[in-house]
Amino acid sequence: MNAIHLLPLGGTSTVLVEALSGHLRQTFRTRVEMHAFSLDPERFFDAGRGQYNSTDLLMHLKSHYPALEQGPGVCTLALVPFDLFIPILTYVFGEAEVGGNVAVVSYHRLSPERYGLPPDNALLLARFVKEVVHELGHVFSLIHCSAQSCVMHSSSYVEEIDLKEQSFCRACASELGLRY
Ligand SMILES: [Zn+2]
Ligand SMILES: [Zn+2]
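Computed from a predicted model, the values in this text were never measured in an experiment. Along every chain, residues carry numbers that run from 1 in the direction the sequence is written. Chain letters start at A and ligand numbers start at 1, both assigned in the order the entries are written. Residues qualify for local features only when their pLDDT is at least 70, as the model is predicted, and side-chain atom pairs are given and counted only at 80 or more; totals for whole chains, interfaces and linings, by contrast, use all residues.

Of the regular secondary structure elements, the protein chain holds five helices and eight strands. Throughout, the radius of gyration refers to the C-alpha atoms, and the reference size of a globule is 2.2 Å times the residue count to the power 0.38. A compact globule built from 180 residues should have a C-alpha radius of gyration of about 16 Å, and the protein chain, at 15 Å, falls within 12% of that. For the protein chain, the spread of C-alpha atoms along the principal axes amounts to about 45 × 40 × 30 Å. Once C-beta atoms have been placed from the backbone, residue pairs whose C-beta atoms lie within 7 Å are recorded as contacts. In the protein chain, the share of contacts with a sequence separation of at least 24, taken over all contacts with a separation of at least 6, comes to 63%. Labels follow the DSSP assignment, with helices taken as runs of H or I lasting at least four residues and strands as runs of E lasting at least two, numbered in each case from the N terminus.

Take a look at the structure:
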């Protein structure tokens, strides 16, 4: 990996993104930059579903990607506070172009308040870090991992996110050329 470019969109909390950047630098040992990017998310809004089309957002990022940085091992990652979907699923936490250079992650469904529990910023950040590391793993060509604790284990519910670690298992880490 050579660089990760973060694009907080749609009023995403910059405090959350700054905390996230630290984790990403540590995990991927690469340059992480945050950019102010003006993009009206309403163009990805599906009024019928009341959600935002994750694939359309990815494709839009991809067509604008050369403006940020070109080259191998570079990822542009959009971070959003609103609910994402792909047509075949009720919702997604995020989506990535496997082996490509774009990804998007939403924290809409990651806060404990959403499930009637008291606010817990540490838990919200931990879940966000896991989902972001997971999608970046896909961008850097990893597929889902059967190890329960590996960040590349697939999660459909927050409870499943809570069961895995923020890091890659040995096999996934070595695939990425990272040594723990
Ligand atoms: Zn996945
Ligand atoms: Zn793994």
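The nonpolar core is taken to be a set of buried Ala, Val, Leu, Ile, Met, Phe, Trp, Tyr and Cys residues joined by way of C-beta atoms within 7 Å. Put plainly, a residue is buried at 20 or more neighbouring C-beta atoms within 10 Å of its own, exposed at 12 or fewer, and partly exposed in between, counting only other residues' C-beta atoms, which are placed from the backbone. With 45 residues, the main nonpolar core has Leu 77, Ala 78, Ala 103, Val 132 and Leu 136 as its most contacted residues. Listing elements by their share of this core, those giving two or more residues are β1 (3-8), α1 (14-28), α2 (54-64), β5 (74-80), β8 (102-106) and α3 (121-139). Here the element with the most residues in this core is α3; it accounts for seven residues. Beyond its immediate chain neighbours, meaning those up to four positions away, Leu 77 contacts Ile 4, His 5, Leu 6, Leu 7, Ala 103, Val 105, Val 132 and Leu 136.

Its 15 residues give α1 an end-to-end C-alpha distance of 20 Å, which sits within 8% of 21 Å, the value for a rise of 1.5 Å per residue. For α1, every residue scored as buried is listed here: Leu 20, Leu 24, Thr 27 and Phe 28. For α1, the buried positions fall inside an angular range of 70° around the axis, keeping them on one side. The exposed residues of α1 that point more than 90 degrees off its buried face are Val 15, Glu 18, Gly 22 and Gln 26. Those residues of α1 that are buried lie in contact with β1, β2 (31-34) and α3. The positive-phi residue at the C-terminal boundary of α1 is Arg 29, with phi of around 45°. Multiplying 1.5 Å by the helix residue count minus one yields the expected span of that helix. An arc is given here, and it is the one of the directions from the helix axis to the C-beta atoms.

All right, on to unusual backbone geometry then. The backbone phi angle of Arg 29 is positive, close to 45°, even though this residue is not glycine. Here Arg 29 lies in the loop between α1 and β2. One non-glycine residue, Ser 141, lies in positive phi territory at about 80°. Tracing the sequence through the fold places Ser 141 in the loop between α3 and α4 (158-163). Ser 141 gets classed as exposed once you count the C-beta atoms within 10 Å, which come to 11.

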